[in-house]
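# A look at the structure
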Amino acid sequence: MIEARDLTKDYGSKRAVDGLSFTVRPGLVTGFLGPNGSGKSTTMRLILGLDAPTRGDVTVNGSHYREHTAPLHEVGALLEARSVHTGRSAHNHLLALAQTHGIPKRRVSELIDLVGLHEVARKRSGKFSLGMGQRLGIAQALLGDPKTVMLDEPVNGLDPEGIHWMRNLLKGLAAEGRTVFVSSHLMSEMALTADHLIVIGRGKLIADTSVDDFVSRASQKVVVVRSPELESLRAALAGPDVSFEPAERGALEVHGLTAEQVGDAAAAAGIVLHELTPRQASLEEAFMNLTRDEVEFAAELQEVVA
Amino acid sequence: MSAATPSVRLPRLDRTGSVAFHRVLLSEWTKLRSVRSTKWSLGVGFLLTVAFPIAFSFATSSHWGSMSPQDRADRHPLDIALVGVNVAQLAIAVLGVLLISAEYSTGSIRSTFTAVPKRLLVLWAKLIDYSVVSLALMVPAVLVSFFSSQAILGRHDILQISFTQHGVARSVLGGALYVMLVGIFALAIGAIVRNTAGGIAAFAGIFFVLPPLMFVLPTSWNNAISQYLPSDAGRQLFSLHHASHSLRPLTGGLVFAAYCAAAIVIAAALLVRRDV
């Protein structure tokens, strides 16, 4: 369980996290979604007590992170790739962390095997590929058998096999009743893995919703029709929740009705249709629509243009 | 990692413990011994401590016959035995800075403070581990340099001094203690500056640049101030004879230790407050 209340962080004059309040519940995979630079990593550092919030408060499993006497059993975290001494082997890196909690050495070997780093565990981790570094980070996160697992962009650098493995792992951890909090800038990945979504942009909360709700909102009804009698068709379809947009080559986009409803209405009015195509906005499009205004880059671009 | 496995299960951990200081000490010891820079710096530190006295002893004994009485009088066996300490301190200081600055440059400090959110435990553990290691290295090093330089000089029956003579054992072991304190001071600087190049530059500035700058001052000022600089005060730990305008060995050692304590206090205050 992670509870953030009005969490705010300024770096100088720049506000990285802006009044975030959310709860991450156990037993679910919660996706933490936002464009790059939207404050996801900062939020995670605040949760871990690495950075102190300017305002507001965040607790993990009921306490501030710094107050836990055995933090590795409470929270396992994978931070942005670079949190390992490049001159130290994966084995020694994990061993040093395990020793702070009196976790036995065999647990280190167990996790190295789990993430498939057995062959390279004694090599300097600075030589690791991005994917190997991610696996080491995941082993680190799971070392203490934590109640809450928090991973920042865990699929970065993983191959398709590794991504599949990660999805299964996260779902398995949640099924065991753990709190699983995973950040990503890829909506498609989250749709496959997460049960719940917390979406932020420019440090602010945009949405806190179940993935099912998000998907149904995303796949709102859009139908493309082509007809020689477009004007009569508009009149026949008009309604309070229906809107129209011109599409390419003289076609019309109808928002708010299914293809069946459009076809039935046209037949009832005796209007000829040359095309009737249901279209679904992809999740990625829905995510981009949701965060478009919040993407810093777009805002800066506008300033430059203006 | 196999795609054929339908679900991935995290093996349970049967035994759980909490963070304790002795565990952090062990963890920091693992970190200390598991990077190459430790072996290099300690190896170089030992070598420099021992090699310089041996080389100087050979040079002195081979030139003794042609040296003027004045030159001979300027030579002191303890200066020869401990000449390497002045060089070795740099290796120990660099490693002291690195022990903490490298955690910041590689980002491993985030892993460290995630495992041990009570950050001061990490600082104390690093200081204690490094003090023990540097002292365990330097005590044999200064003993080897003393007895080997004496043996070489003894073949020509020159510059002999007994280890049991008043002040000799204190000076020889004081050399090791001085280097240990240098390591502590450098580690604290590293924790304050959090950057390898900056930390080493700060150390070199205080120990190697500041002392000669004092000669710009009027002599009376220089005489009054210089003895209280960390380097000059600390050096009294391994000086046999008490020169004018310098502190007594114990006082000098305490002044240097006070500088170390002040640096540690600043480092601790910043460590707790700053974001990482």
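Only a predicted model underlies this, so the values are computations on that prediction, with no experimental measurement involved. Along each chain, the written sequence defines residue order, and numbers are assigned to residues from 1. Naming scheme: in the order in which they are written, chains are lettered from A and ligands are numbered from 1. Reporting of local features is limited, given that this is a predicted model, to residues whose pLDDT is at least 70; pairs of side-chain atoms are given and counted only at 80 or more, and all residues count toward the totals for whole chains, interfaces and linings.

## Quick look at the overall build of chain A
Looking only at helices and strands, chain A has twelve helices and 13 strands in total. Projected onto its principal axes, the C-alpha positions of chain A cover 80 × 45 × 40 Å. Each residue is classified by how many other C-beta atoms fall within 10 Å of its C-beta atom, where C-beta atoms are placed from the backbone; a count of 20 or more means buried, 12 or fewer means exposed, and values in between mean partly exposed. Relative to its full complement of 306 residues, chain A shows a buried share of 44%. Once C-beta atoms have been placed from the backbone, residue pairs whose C-beta atoms lie within 7 Å are recorded as contacts. Counted over contacts in chain A with a minimum sequence separation of 6, partners at least 24 positions apart contribute 70%. Going along the chain from the N terminus, every DSSP run of H or I of four or more residues is numbered as a helix, and every run of E of two or more is numbered as a strand.

## As for the overall build of chain B
When helices and strands are tallied, chain B shows twelve helices and zero strands. Across chain B, helices and strands are ordered from the amino to the carboxyl terminus as α-α-α-α-α-α-α-α-α-α-α-α. By principal-axis analysis of the C-alpha atoms, chain B measures approximately 90 × 45 × 30 Å. Taking as baseline every contact in chain B between residues at least 6 positions apart, the subset at least 24 positions apart corresponds to 79%.

## Re the pairing of strand E7 (residues 179-184) of chain A
All names here are of chain A. Most of E7 is tucked away: six of the six residues are buried. The pairing criterion is simple: DSSP has to find at least two bridges between the two strands. Of the strand pairs in this sheet, strand E6 (residues 148-152) and E7 are connected by five bridges, and their pairing is parallel. The partner of Asp152 across the bridge, within E7, is Ser183. Following the backbone out of E6, through helix H6 (residues 160-175) and into the adjacent parallel E7, one traces a crossover that is right-handed. Here the term right-handed applies to a crossover when the path leading from its first strand over the helix to its second strand runs clockwise, the strands being oriented away from the viewer.

## Some points on the interface of chain A and chain B
On the chain B side, the residues contacting the 48 residues of chain A number 39 residues. Listing elements by their share of the side of chain A that touches chain B, those giving two or more residues are helix H2 (71-74), helix H3 (90-99), helix H4 (105-114), helix H5 (130-142) and H6 of chain A. Among the elements that make up the side of chain A that touches chain B, the one with the highest residue count is H6 of chain A (eight residues). In terms of residue class, the side of chain A that touches chain B is made up of 20 nonpolar, 20 polar and eight charged. In this classification, Asp, Glu, Lys and Arg are treated as charged, Ala, Val, Leu, Ile, Met, Phe, Trp, Tyr, Cys and Pro as nonpolar, and every other residue, Gly included, as polar.

## Here's the deal with the packing of helix H8 (residues 168-193) of chain B against helix H12 (residues 249-273) of chain B
Residue and element names in this part refer to chain B. In this description, a line fitted to the C-alpha atoms serves as the axis of each element, helices being fitted only across the stretch in contact, and the angle between N-to-C directions of two axes falls anywhere from 0 to 180 degrees. As a packed pair, H8 and H12 sit with axes 8 Å apart at the nearest point and diverge in direction by 20°. The orientation of H8 with respect to H12, classified from their angle, is roughly parallel. Here the hand of the crossing between H8 and H12 comes out left-handed. Of the residues in H12, those touching H8 at Arg170, Gly174, Leu181, Ile184, Phe185, Ala188, Ile189, Ala191 and Ile192 are Pro249, Phe256, Ala257, Tyr259, Cys260, Ala263, Ile264, Ile266, Ala267, Leu270 and Leu271. A breakdown of the residues in the contact of H8 with H12 according to their chemical character gives 18 nonpolar, one polar and one charged. Roughly parallel means an angle under 35 degrees; roughly antiparallel means over 145; roughly perpendicular covers 65 to 115; every other angle is labelled oblique. Helix crossings fall into two classes, left-handed where the near helix is turned counterclockwise from the far one by less than a right angle and right-handed where it is turned clockwise.

## Comments concerning the sheet that holds strand E13 (residues 275-279) of chain A
Residue and element names in this part refer to chain A. The sheet built from four strands is open, its strands ordered E11-E12-E10-E13 with antiparallel pairing. The open sheet is flanked by strand E11 (243-246) and E13, the only strands paired with a single partner. Here the average twist between neighbouring strands, direction ignored, is 25°. Direction of pairing for strand E10 (residues 222-226) relative to E13: antiparallel, over a ladder of five bridges. When the sheet's bridge partners are listed, Val222 is paired in E13 with Arg279. Seen against the sheet, helix H10 (residues 259-269) touches E10, strand E12 (252-255) and E13 and runs at an angle of roughly 155° to E13.

## Here's the deal with helix H1 (residues 40-47) of chain A
Residue and element names in this part refer to chain A. Burial of H1 is extensive: eight of the eight residues sit out of reach of the surface. Turning to H1, its buried residues are Lys40, Ser41, Thr42, Thr43, Met44, Arg45, Leu46 and Ile47. Just downstream of H1 lies Gly49, where phi reads positive at about 70°.

## Some remarks on the domain arrangement of chain A
An automatic or database domain assignment is the source of the domain bounds shown. Under the domain assignment, chain A is made up of domain 1 (2-217) and domain 2 (220-279). Between the C-alpha centres of domain 1 of chain A and domain 2 of chain A the distance comes to 46 Å.

## Some details on the sheet that holds strand E3 (residues 29-33) of chain A
Residues and elements named next belong to chain A. Strand order in the open sheet formed by six strands is E5-E6-E7-E3-E8-E9, and the pairing between neighbours is mixed. With one partner strand each, in any of the chains shown, strand E5 (75-78) and strand E9 (204-210) form the two edges of the open sheet. Averaged over all pairs of adjacent strands, the angle between their axes in this sheet comes to 15°, without regard to strand direction. Pairing geometry for E3 and E7, over five bridges, is parallel. Within E7, the position partnered with Gly31 by the bridge is Val182. Docked against the sheet, H5 engages E5 and E6, running at close to 170° with respect to E5.

## With respect to H12 of chain B
The end-to-end C-alpha distance of H12 of chain B, which contains 25 residues, comes to 37 Å, matching closely the 36 Å that a straight helix rising 1.5 Å per residue would cover. Taken residue by residue, H12 of chain B has Gly252, Gly253, Phe256, Tyr259, Cys260, Ala263 and Ala267 of chain B as its buried positions. To estimate how far a helix should reach, multiply one less than its number of residues by 1.5 Å.

## Topic: the pairing of strand E1 (residues 2-11) of chain A
All names here are of chain A. As paired elements, E1 and strand E4 (residues 55-60) share five bridges and run antiparallel to each other. Residue pairing across strands places Ile2 opposite Val60, the latter belonging to E4. Linkage of E1 to strand E2 (residues 14-24), two consecutive antiparallel strands, is achieved through a turn of two residues, within which Gly12 is found at a positive phi near 60°.

## Some details on the nonpolar core
Each nonpolar core comprises buried Ala, Val, Leu, Ile, Met, Phe, Trp, Tyr and Cys residues, the members being joined through C-beta atoms within 7 Å. Ranked by size, the top nonpolar core spans 144 residues in total, and within it Leu94 and Ala139 of chain A together with Phe185 and Ala188 of chain B carry the most contacts. Here this core gets 17 residues from one element, more than from any other, and that element is H8 of chain B. Residues in contact with Ala188 of chain B, not counting those within four places in the same chain, are Cys260, Ala263, Ile264 and Ala267 of chain B. Membership of the second largest hydrophobic core comes to eight residues, among which are Leu233, Leu237, Val262 and Ala266 of chain A.

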